[in-house]
Amino acid sequence: MCGFIFRHSVTSSLSGIIMATDFPYKIETLPEEENEQIKTDFQGYLSGAVRVQPAGYFFQGIYRNYAHHYYNFSLRDTDVFVVSYPKCGTTWTQELVWLLIHDLDFEGAKVKLDTRFPFIERDSALDCNVFHRPEICRKLNNPPPEPGDNLASMVAKPSPRTLKTHMPFSLLPPALLDICKVIYVVRDPRDVVVSYYHHHRMWITHGYKGDFKTFFNYFLNEKILWSPFWSHVGEAWELRNKCNLLILTYDELKADLSACISKVASFLGKEVSLNDKARLMKHLHFDSMKRNPAINCEDDVPLGVLDPREGGFVRKGKSGGWCEYFDHSMKDQFEKWMVQKGKGLEKEFKWLY
Ligand code: A3P
């Protein structure tokens, strides 16, 4: 049934739009035993997991159905992308970018961020079969999503589009930086692993019920969606001199939001008055974002999709929170991982802690 729906919605909605259906990388399924363990520990990963070689990027099995659609995604020169490894401050940056592009339309910003700023790989990152579970399905106001719905809706979206993705540059259209402006956000991976742990426990589409230490090892072993972290960051770093790319860090946003607003505005060719900046600073403050129903996903709580016990989608908003999670051996393990996998890149970023 699912296969039929997929063929119907993805292929027919996108035929004629995709210029080429090639995908230059090899997608490997994980060994069966490993895959069974992943499915047990992450109950939302119904299709198991794959790695895209040679870098080994880790995705759910259903990514196979979409890889070439993402790689050949039809770009417009008015598209603006926010690209990141998850939990690096994507949402914060998206809200800033959307408001700048839309001339501070705070009224329009009351529409959910997901609608205003779609997530390119939603179809493969959030397995829609999870929403078809009877206990979820009966609480939804609309029919549950079908495979390919999201991809088709982005293709139909009017310009200017603002688009979010967690995919690394190599899996995105090769002409991306020739055609579109891209803001890449990166964060201290020690804070990323903590935030990502709560994220995996929070969302039913990940369905992680384990403890922090187990998750920490999954992260270091790069068996977590969109890993390996350093390859992801490294790809962006290699492109840092491209005029259509701006790299921002979460710690920079924390340390001087005002300067970051100016930097992003100038990158997007937008002017911000002092008054505009004051309004943006207020709107983008952690407390406002935490309260903002267009951002905090609070309507997913009654549906049983988001577990509020993990602190909410906009959770702590701190740099250095990892200190409360890492014991001595974890600190050592992480240091070694940084040096081994960062290959010097880890020294390029100055984190607050
Ligand atoms: P924590 O889980 O550490 O609190 P992403 O949007 O990439 O998923 O990143 C989510 C992280 O950004 C979360 O980190 C979230 O709380 C934080 N965040 C979101 N809005 C923020 C803001 N206005 N100020 C500071 N942090 C914010």
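Residues numbered from 1 in each chain as written. Predicted model: local features only at pLDDT ≥ 70, side-chain atom pairs only at ≥ 80, totals over all residues. Heavy atoms only, no water.

**Topic: the site of the ligand**
Here's step 1: Residues in close proximity to the ligand total 17 residues, the closest being Thr90, Thr91, Ser195, Tyr250 and Lys316.
Here's step 2: Within the contact set of the ligand, an oxygen atom lies 2.4 Å away from a side-chain nitrogen or oxygen of Thr91.
Here's step 3: Here Lys316 contributes a backbone N or O atom positioned 2.6 Å from an oxygen atom of the ligand.
Here's step 4: Here the ligand has 570 Å² of accessible area as a free molecule, and 97% of this is covered by the chains.
Here's step 5: Within the residue set of the shell around the ligand, elements represented by two or more residues are α4 (90-101) and α16 (286-291).
Here's step 6: Considering every element that reaches the shell around the ligand, the biggest residue donor is α4, with three residues. (Near = heavy atom within 4 Å. Polar contact = N/O pair within 3.5 Å; in protein donor to acceptor, adjacent residues only side chain to side chain. Areas by Shrake-Rupley, 256 points an atom, 1.4 Å probe, with all protein chains shown as cover. Helix = DSSP H or I, 4+ residues; strand = E, 2+ residues; numbered from the N terminus.)

**Regarding the sheet that holds strand β5 (residues 162-165)**
Here's step 1: Strand order in the open sheet made by the four strands is β5-β4-β6-β7, with parallel pairing throughout. Looking at which strands have only one partner, the edges of the open sheet turn out to be β5 and β7 (245-249). Geometrically, the sheet is characterised by an average inter-axis angle of 20° between neighbouring strands, direction not taken into account.
Here's step 2: Where strand β6 (residues 181-186) and β7 come together, five bridges link them in parallel fashion. Looking across to β7, one finds that Tyr184 is bridged to Ile247. (Pairing = 2+ DSSP bridges. Axes fitted to C-alpha atoms, helices over the stretch in contact; angles between N-to-C directions.)

**Points about the environment of Val83**
Here's step 1: Here Val83 is to be found in strand β4 (residues 80-84).
Here's step 2: In the structure, Val83 is positioned 103 residues away from Val186 in sequence and 9.1 Å away in space, judged by C-alpha atoms.
Here's step 3: The contacts of Val83, once residues within four sequence positions are left out, are Thr165, Met167, Leu172, Val182, Ile183, Tyr184 and Val185. (Contact = heavy atoms within 4.5 Å.)

**Topic: the pattern of salt bridges**
Here's step 1: Here the structure, examined in full by the defined rule, presents 16 salt bridges.
Here's step 2: The closest approach of N and O atoms between Glu95 and Arg116, which form a salt bridge, is 3.0 Å. Taken together, the positions of Glu95 in helix α4 and Arg116 in helix α5 (residues 113-116) put the pair 21 residues apart, joining distant regions of the chain. The pair formed by Glu95 and Arg116 is uniform in burial state, with each residue classed as buried. (Salt bridge = Lys/Arg side-chain N within 4 Å of Asp/Glu carboxyl O. Buried < 20%, exposed > 50% of the residue type's maximum accessible area, 1.4 Å probe, protein only.)

**Describing the environment of Lys316**
Here's step 1: Structurally, Lys316 is set in the loop between α16 and α17 (328-342).
Here's step 2: Spatially, the C-alpha atoms of Lys316 and Lys290 are 9.1 Å apart, while their sequence positions differ by 26 residues.

**Quick notes on helix α11 (residues 212-220)**
Here's step 1: Looking at α11, one finds that the buried residues are Phe212, Phe215, Phe216, Tyr218, Phe219 and Leu220.
Here's step 2: Elements that come into contact with the buried residues of α11 comprise α2 (32-41), α10 (189-202), α12 (229-238) and α17.
Here's step 3: Just beyond α11, the residue with positive phi is Glu222, at close to 60°.

**Notes on the layout of surface pockets**
Gaps left between atoms show up when a probe the size of a water molecule is rolled over them.
Here's step 1: Reported here for the second largest pocket is a volume of approximately 240 Å³.
Here's step 2: Every residue lining the second largest pocket is counted, 15 residues in all, and those nearest its centre are Arg201, Ile204, Gly207, Lys209 and Asp307.
Here's step 3: Of the residues that constitute the lining of the second largest pocket, the class distribution is six nonpolar, three polar and six charged. (1 Å grid on protein atoms, 1.4 Å probe; cavity = no way out; pocket = protein on both sides within 12 Å on 5 of 7 lines; lining within 4 Å. Points joined across faces, edges and corners; volume = space filled by probe spheres on them. Nonpolar A, V, L, I, M, F, W, Y, C, P; charged D, E, K, R; others polar.)

**Observations concerning the side chain of Asp307**
Here's step 1: Summarising the element assignment, Asp307 is placed in the loop between α16 and α17.
Here's step 2: Leaving out residues up to four positions away in the same chain, Asp307 has contacts with Arg201 and Met202.

**Quick notes on the sheet that holds strand β1 (residues 26-29)**
Here's step 1: Strands sit in the order β1-β2-β3 across an open sheet of three strands; the sheet is antiparallel. Pairing within the sheet leaves two strands with one partner each, and these edge strands are β1 and β3 (57-60). Going across the sheet, the axis of each strand differs from the next one's by a mean of 35°, ignoring polarity.
Here's step 2: As judged from the four bridges shared by β1 and strand β2 (residues 49-53), these two strands associate in the antiparallel manner. Opposite Ile27, over in β2, you have Val52 as the bridge partner.

**Points about the nonpolar core**
Here's step 1: In terms of nonpolar packing, the biggest core is built from 70 residues, with Tyr63, Phe219 and Phe229 touching the most fellow members.
Here's step 2: By residue number, the principal contributor to this core is α11, which donates six residues.
Here's step 3: Residues in contact with Phe229, not counting those within four places in the same chain, are Tyr85, Cys88, Val186, Arg187, Pro189, Val192, Phe219 and Trp337.
Here's step 4: In terms of nonpolar packing, the next biggest core, distinct from the first, is built from 43 residues, Ala109, Met202, Leu257 and Cys260 among them. (Core = buried A, V, L, I, M, F, W, Y, C linked by side-chain atoms within 4.5 Å.)

**Details of the packing of aromatic side chains**
Two measures describe an aromatic ring pair: the distance that separates the ring centres and the angle between the ring planes.
Here's step 1: Applying the stated criterion across every chain yields a total of 39 aromatic pairs.
Here's step 2: With a centroid separation of 6.2 Å and an interplanar angle of 40°, the aromatic rings of Tyr63 and Tyr70 are classed as tilted. We note that Tyr63, like Tyr70, is buried.
Here's step 3: Relative to Phe219, the ring of Tyr85 has its centre 6.1 Å away and its plane inclined at 85°; by these criteria the two rings are edge-to-face. Taken together, the residues span a long stretch of sequence, with Tyr85 in the loop between β4 and α4 and Phe219 in helix α11 at a distance of 134 residues.
Here's step 4: The exposure class assigned to Phe219 is buried, which follows from its relative accessible area of 1%. (Phe/Tyr/Trp six-rings, centres within 6.5 Å; stacked < 30°, edge-to-face > 60°.)

**Notes on empty space enclosed by the protein**
Here's step 1: Applying the stated criterion to the full structure yields one cavity of 30 Å³ or more.
Here's step 2: Space inside the largest cavity adds up to approximately 110 Å³.
Here's step 3: Around the largest cavity sit Arg187, Asp191, Val194, Arg315, Lys316, Gly317, Lys318, Gly321, Trp322, Glu324 and Tyr325, which together line it.
Here's step 4: Split by residue class, the lining of the largest cavity holds three nonpolar, two polar and six charged.

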